[in-house]
Amino acid sequence: MNKLILGRYFPGNSVLHQLDPRAKLMAALYFIGLLFYVENGQGYLYLFIFTLMMMRLSRVALMTYIRGVKPLIWLILFATCLRVLFTGGGTVYFNMGPFIISSFGLLTGIYTFSRFVMIIFVSTIVTLTTKPIDLTDAISFLLHPLKYVKIPVEDFVLMLTIALRFIPNLLDETQKVMDAQRARGTVFGEGNLLQQMKKLVPIILPLFASSLNRAEAMADVMEVKGYQSGKKRSSFRQLSWSRRDSLCLMGMVVLTLGLHVLNEVNVLLLIASIY
Amino acid sequence: MDNPPMLCVDQVTYRYHVTKSHYALSDISFTVNAGEWLAVIGNNGSGKSTLARLIVGLAEPESGSILINGKRLTERTKWQLRQRIGIVLQNPDNQFIGTTVQDDVAFALENLNIDDHEMQERVFRALRLVHMYELREKDPSQLSGGQKQRVAIAGVLALEPDLMIFDEAFVMLDPKSRRELLALLRELQAKLGLTIISITHDRSEAAQADQVIVLKDGVLIDHGPPAVIFEAHPDFTPPFAEQLKRKLIELGGSMPDAYMSEKELVDWLCR
Ligand SMILES: Nc1ncnc2c1ncn2[C@@H]1O[C@H](COP(=O)(O)OP(=O)(O)OP(=O)(O)O)[C@@H](O)[C@H]1O
Ligand SMILES: [Mg+2]
């Protein structure tokens, strides 16, 4: 459990920590979109350097980010291999049935790989530097327009907040139930897959029961405290947008212009090389 | 004296399962005037918490009626009437809605759509009163049972309702803070004409009340000023864990000062 970096918050006070969560979330989503607009190697390099700079700015050790990618590395390599094996073009090095290894395929593979890694890095930057509760506020803000099509955004956000608040409780309770089962002689992590899954049943059932009880009790509390779905309510937590948040979004515009130039330059070089 | 009583419970009967003949409350009637303090005492399972749930409209009586400020509590009026009631339920664990201490205290105020400046002021003031201001950014997993109870009490204080209900809300507090908070409530009661209903096993807490009702197996068996009630019910006993603890201290053991639930006591003794 302690190994999972993606989704965790590291307290600190870097520039990125101080940015408004709305600015951070918008910028990150935009950046991920931008990754699909890159057309050539120098574009990827450009965005990669930018990502590294942001990682530096967060003042979180590089190792932390690398550990964040690790649990997903097999997934990434799998996706990369698919891209490599099914993309033809350029010089063909190897060909067997539907599988091709070509120069073009290898290049695509490298692009896919770096795109994935950058997506993970950027999302990790956001979660490492933003408290989960601030992140929910930002999500609430971004989903706000959905209210006009009668989607209960506030309920959804409250649900998310409560879920976040219960993760530590749930982990705690899991530990307790596991200890109780251990005391009865269960050894976890032994036996074949079926046996191991069987051992999970006496953990999941009590957890389920206690979660249901808790949910019911909490619904009561919310009711007596006057929470009504769809009723207008004020918010204790106030986000404040400052100049540096606007600057952050401006930065994204500048980044896009830079990328655009790099894309164009390559086309120019291509045209030049033809003539 | 034309004002209707703050709370009027009239021949209320309730059972959890309509198919069973066991009544959690049968034929309960009493009134509490505005500005009064009522203590509810009785053994485990006597129906005290059930009564509290009925008063805030979490459950509806099978027969009889509950009037708050002269208005009858029904499915339709409960939302409006609740705005003037603050309650601390028995279990502090499942009462924590917010992600942090201050968010939790603000929750009821947010629902009343109070503007953020006033809200912050009220939340901070309430947190200072229960000595939780320094811990306002903490999340519930970092708090002890007593601290969670303080947060729940702060939630009610910040709401500034006309009627406050505490269901064994002070049991996990250390004796000093408990005394402090009870004194504070006493003060608020006198100053603002606050009405308080406190469900308790603590004799000194019940002694602060203007009147006491005694429940036994869902029946109201006595009603009167504390001195009279204590005289008539010398067997009015604190919960088992508390009794055991006192006995042990009497026998010369050294025990932590704070209140402990049965489970905590067992854990402590087994150490
Ligand atoms: N959710 C429930 N479903 C069915 N029966 C219940 C439920 N909650 C309580 N009861 C029953 O109702 C009766 C009164 O319970 P209540 O919780 O009101 O007691 P209490 O006086 O608050 O006790 P304690 O001092 O332990 O808090 C008990 O007999 C109990 O078994
Ligand atoms: Mg109770």
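Note: the structure precedes this text.
Anyway, here's the lowdown on the structure attached to this text. (Residues numbered from 1 in each chain as written. Chains lettered and ligands numbered in written order. Predicted model: local features only at pLDDT ≥ 70, side-chain atom pairs only at ≥ 80, totals over all residues. Heavy atoms only, no water.)

Observations concerning the overall build of chain A
Stage number 1. Regarding its fold elements, chain A presents 10 helices and 2 strands.
Stage number 2. The helix and strand sequence of chain A, counted from the amino end, reads α-α-α-α-α-β-β-α-α-α-α-α.
Stage number 3. In terms of C-alpha radius of gyration, chain A reaches 24 Å, well past the compact-globule figure of 19 Å for 275 residues.
Stage number 4. Every one of the 275 residues in chain A was classed for burial, and the buried ones make up 34%.
Stage number 5. When contacts within chain A are restricted to residue pairs at least 6 apart in sequence, those whose partners lie at least 24 apart make up 70%. (Helix = DSSP H or I, 4+ residues; strand = E, 2+ residues; numbered from the N terminus. Rg over C-alpha atoms; globule rule 2.2 N^0.38 Å. Buried < 20%, exposed > 50% of the residue type's maximum accessible area, 1.4 Å probe, protein only. Contact = heavy atoms within 4.5 Å.)

Here we look at the packing of helix α3 (residues 101–111) of chain B against helix α4 (residues 116–129) of chain B
Residues and elements named next belong to chain B.
Stage number 1. Where α3 contacts α4, the axes come no closer than 10 Å and their chain directions differ by 125°. Viewed along their axes, α3 and α4 adopt a mutual orientation that is oblique. α3 and α4 meet at a crossing whose hand is right-handed. For the pair α3 and α4, the contacting residues are Val101, Gln102, Val105, Ala106, Leu109 and Glu110 in the first and Met119, Arg122, Val123, Phe124 and Leu127 in the second.
Stage number 2. Split into classes, the residues belonging to the contact of α3 with α4 amount to 8 nonpolar, 1 polar and 2 charged. (Axes fitted to C-alpha atoms, helices over the stretch in contact; angles between N-to-C directions. Parallel < 35°, antiparallel > 145°, perpendicular 65-115°, else oblique. Left-handed = near helix turned anticlockwise from the far one by under 90°. Nonpolar A, V, L, I, M, F, W, Y, C, P; charged D, E, K, R; others polar.)

A word on the side chain of B:Arg150
Residue and element names in this part refer to chain B.
Stage number 1. By the element assignment, Arg150 lies in helix α5 (residues 145–159).
Stage number 2. Among the polar contacts made by the side chain of Arg150, one reaches the side chain of Ser177 at a distance of 3.0 Å.
Stage number 3. Dropping the residues within four chain positions of it, Arg150 is found in contact with Val130, His131, Met132, Leu173, Asp174 and Ser177. (Polar contact = N/O pair within 3.5 Å; in protein donor to acceptor, adjacent residues only side chain to side chain.)

Considering the interface of chain B and chain A
Stage number 1. Each partner contributes residues to the interface: chain B has 36 residues there, and chain A has 27 residues.
Stage number 2. Together chain B and chain A conceal approximately 2800 Å² of surface at their shared face, both sides included; 56% is due to carbon and sulfur atoms.
Stage number 3. At the surface where chain B touches chain A, the tally comes to 5 salt bridges.
Stage number 4. A:Arg233 is the partner of B:Glu110 in a salt bridge, and the nearest nitrogen-oxygen pair spans 3.0 Å.
Stage number 5. Remark: the boundary between chain B and chain A carries 13 residue pairs in polar contact (both at pLDDT 80 or more).
Stage number 6. Contributing elements (two or more residues each) for the side of chain B that touches chain A: α2 (78–82), α3 and α4 of chain B.
Stage number 7. Residue contributions to the side of chain B that touches chain A peak at 9 residues, all from α3(B).
Stage number 8. When grouped by side-chain class, the residues that make up the side of chain B that touches chain A number 16 nonpolar, 11 polar and 9 charged. (Buried area = accessible area lost by both parts, 1.4 Å probe. Salt bridge = Lys/Arg side-chain N within 4 Å of Asp/Glu carboxyl O.)

Things to note about the coordination of the magnesium ion (ligand 2)
All names here are of chain B.
Stage number 1. Protein-derived ligands of the magnesium ion (ligand 2) are Ser49 (OG) and Gln90 (OE1), with the metal-ligand distances lying across 1.9 to 2.2 Å. With Ser49 in helix α1 (residues 48–55) and Gln90 in the loop between β6 (85–88) and α3, the pair connects residues that are 41 residues apart, well separated along the chain.
Stage number 2. Taking the relative accessible area as the measure of exposure, Ser49 reaches 24% and is therefore partly exposed. (Donors = N, O, S within 2.8 Å, 3.2 Å for Na, K, Ca; no water.)

Some thoughts on helix α7 (residues 132–143) of chain A
Residues and elements named next belong to chain A.
Stage number 1. If you check α7, its first and last C-alpha atoms are 16 Å apart, about what 12 residues at 1.5 Å a residue would give, namely 16 Å.
Stage number 2. Along α7, the residues classified as buried are Ile133, Asp134, Leu135, Thr136, Asp137 and Ala138.
Stage number 3. Considering only its buried residues, α7 is in contact with α2 (21–34), α6 (103–129) and α8 (153–183). (Expected span 1.5 Å × (residues − 1).)

Things to note about the sheet that holds strand β9 (residues 211–216) of chain B
What links the strands of a sheet is backbone hydrogen bonding, and the strands pair in either a parallel or an antiparallel sense.
All names here are of chain B.
Stage number 1. Taking strand neighbours across the sheet as the criterion, the 6 strands line up as β6-β7-β8-β3-β9-β10 in an open arrangement whose pairing is mixed. In this open sheet, the two strands that pair with only one neighbour each are β6 and β10 (219–224). Sheet twist, expressed as the average angle between the axes of neighbouring strands with direction ignored, equals 15°.
Stage number 2. In this sheet, β9 lies alongside strand β3 (residues 37–42) in parallel orientation, the contact comprising 5 bridges. The residue of β9 that forms the bridge with Ala39 is Val212.
Stage number 3. Taken strand by strand, helix α6 (residues 175–192) contacts β3, β7 (163–167) and β8 (195–199), and its axis lies near 140° from that of β3. (Pairing = 2+ DSSP bridges.)

Here's the deal with the packing of aromatic side chains
Geometry of an aromatic ring pair is reported as the spacing of the ring centres plus the angle between the planes.
Stage number 1. Evaluation of the coordinates by the stated rule reveals 9 aromatic pairs over all chains.
Stage number 2. Every member of this aromatic cluster is reached through a ring pair, and the members are A:Phe48, A:Tyr65 and A:Phe121.
Stage number 3. Seen from the ring of B:Phe124, B:Arg136 lies directly overhead, with NZ or CZ sitting 5.4 Å from the centre.
Stage number 4. For the cation-ring pair, B:Arg136 lies above B:Tyr133, with the distance from its terminal atom to the ring centre recorded as 4.2 Å. (Phe/Tyr/Trp six-rings, centres within 6.5 Å; stacked < 30°, edge-to-face > 60°. Lys NZ or Arg CZ within 6 Å of the ring centre and 35° of its normal.)

Observations concerning the sheet that holds strand β5 (residues 71–72) of chain B
Residues and elements named next belong to chain B.
Stage number 1. Taken together, 4 strands build an open sheet; the order of strands is β2-β1-β4-β5 and the sheet is antiparallel. Edge positions in the open sheet fall to β2 (25–32) and β5, since each of these has one partner strand only.
Stage number 2. As defined by bridge partners, strand β1 (residues 7–14) adjoins strand β4 (residues 63–68) across 5 bridges and the pair is classed as antiparallel. Counted as the bridge partner of Leu7 is Ile68 from β4.

So, the nonpolar core
Stage number 1. Counting 47 residues, the largest nonpolar core has B:Val123, B:Leu127, B:Ile153, B:Leu157, B:Phe166, B:Phe170 and B:Leu185 as the members making the most contacts within it.
Stage number 2. Every element with two or more residues in this core is listed here: β3, α3, α4, α5, β7, α6, β9 and α8 (226–232) of chain B.
Stage number 3. For this core, the element with the highest residue contribution is α5(B), accounting for 8 residues.
Stage number 4. Setting aside residues no more than four positions away along its own chain, B:Leu157 makes contact with B:Ala126, B:Leu129, B:Val130, B:Met164, B:Leu184, B:Leu185 and B:Leu188.
Stage number 5. One finds A:Met222, B:Val9, B:Leu25 and B:Ile97 within the second-largest nonpolar core, a separate group that totals 42 residues. (Core = buried A, V, L, I, M, F, W, Y, C linked by side-chain atoms within 4.5 Å.)

With respect to the site of ligand 1
Residues and elements named next belong to chain B.
Stage number 1. Taken together, 15 residues lie near ligand 1, and Gly45, Lys48, Ser49, Thr50 and Gln90 sit nearest.
Stage number 2. In this structure, an oxygen atom belonging to ligand 1 sits 2.5 Å away from a side-chain N or O atom of Thr50.
Stage number 3. Contact distances for ligand 1 include 3.3 Å between an oxygen atom and a side-chain N or O atom of His201.
Stage number 4. When ligand 1 sits alone it has 630 Å² of accessible area, and the protein chains cover 63% of it.
Stage number 5. Of the residues that constitute the shell around ligand 1, the class distribution is 2 nonpolar, 11 polar and 2 charged. (Near = heavy atom within 4 Å. Areas by Shrake-Rupley, 256 points an atom, 1.4 Å probe, with all protein chains shown as cover.)

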